[in-house]
Amino acid sequence: MKLIVAIIQDKDSNRLSGALVKANFRATKLASTGGFLRAGNTTFMIGVDDSQVEVVMNVIRSSCKVREQLVTPVTPMSGTTDSYLPLPVEVQVGGATVFVLPVDRFEHF
């Protein structure tokens with residue numbers, strides 16, 4: 001058995017949730033925040049048999065797309081901000097960060 005932990009952008013959350021339900025997979029959703037952009041993410045925890053890992057990975061891959069987004073950097077914490085003029089920077093967002101972990105024991109009460 002494996003635990004799949006998928007961290008995705010909030011914009012992809014409903015699409016992935018619907019795709020998992022359609023493919024008959026259960027998932028627990030947790031609200032999370034990314035450290036780099038400090039933007040909202042959703043973390044999915046999905047428990048599956050070893051043979052189902054690739055099926056879930058394909059569902060995640062097809063539901064979570066990378067896209068370009070303009071963001072304004074956060075103001076520096078130290079020094080003066082008088083001369084600091086943040087300009088928008090284009091970065092890639094979206095997609096998914098996925099961890100597949102072994103499960104030693106599973107119980108359902």
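Residues numbered from 1 in each chain as written. Predicted model: local features only at pLDDT ≥ 70, side-chain atom pairs only at ≥ 80, totals over all residues. Heavy atoms only, no water.

## With respect to the pairing of strand β3 (residues 40-48)
Put simply, the rule reads: Any two strands between which DSSP finds at least two bridges are classified as paired. Working definition: helices are DSSP H or I runs of at least four residues, strands are E runs of at least two. Numbering for both runs from the N terminus.
With eight bridges joining them, strand β1 (residues 2-9) and β3 adopt antiparallel strand pairing. Across the sheet, the residue bridging to isoleucine 4 is isoleucine 46, located in β3. Examined bridge by bridge, strand β2 (residues 28-33) and β3 share six bridges and lie antiparallel to one another. Paired with serine 32 across the strands is asparagine 41, a residue of β3.

## Quick notes on the nonpolar core
Inclusion rule: In this text, buried Ala, Val, Leu, Ile, Met, Phe, Trp, Tyr and Cys residues form a nonpolar core when linked through side-chain atoms within 4.5 Å. Think of it in three bands: with a 1.4 Å probe and only protein chains considered, a residue is buried below 20% of the maximum accessible area for its type, exposed above 50%, and partly exposed in between. Whether two residues touch is decided by their heavy atoms; if any such pair falls within 4.5 Å, the residues are in contact.
Leu16, Leu20, Ile46, Val56 and Ile60 are the most contacted members of the largest nonpolar core, which totals 15 residues. Per-element tally for this core: the top contributor is helix α2 (residues 53-63), with five residues. Not counting residues up to four positions away in its chain, the partners in contact with isoleucine 60 are Ile4, Ala6, Leu16, Ile46, Ala96 and Val98.

## Side note on the sheet that holds strand β6 (residues 96-102)
The condition is simple: Fitted lines through C-alpha atoms give the axes, limited to the stretch in contact for helices. The angle between two N-to-C directions lies from 0 to 180 degrees.
One open sheet accounts for four strands, arranged β2-β3-β1-β6; its pairing is antiparallel. For this open sheet the edge positions go to β2 and β6, each flanked by a neighbour on one side alone. The average undirected angle you get between the axes of adjacent strands in this sheet is 20°. Sheet topology places β1 next to β6; seven bridges connect them, and they run antiparallel. The residue bridging lysine 2 from the neighbouring strand is proline 102, located in β6. Where helix α1 (residues 10-22) meets the sheet, its contacts fall on β1, β2 and β3, and the angle it forms with β3 comes to roughly 20°.

These results come straight from atomic positions and should not be treated as a statement about function.
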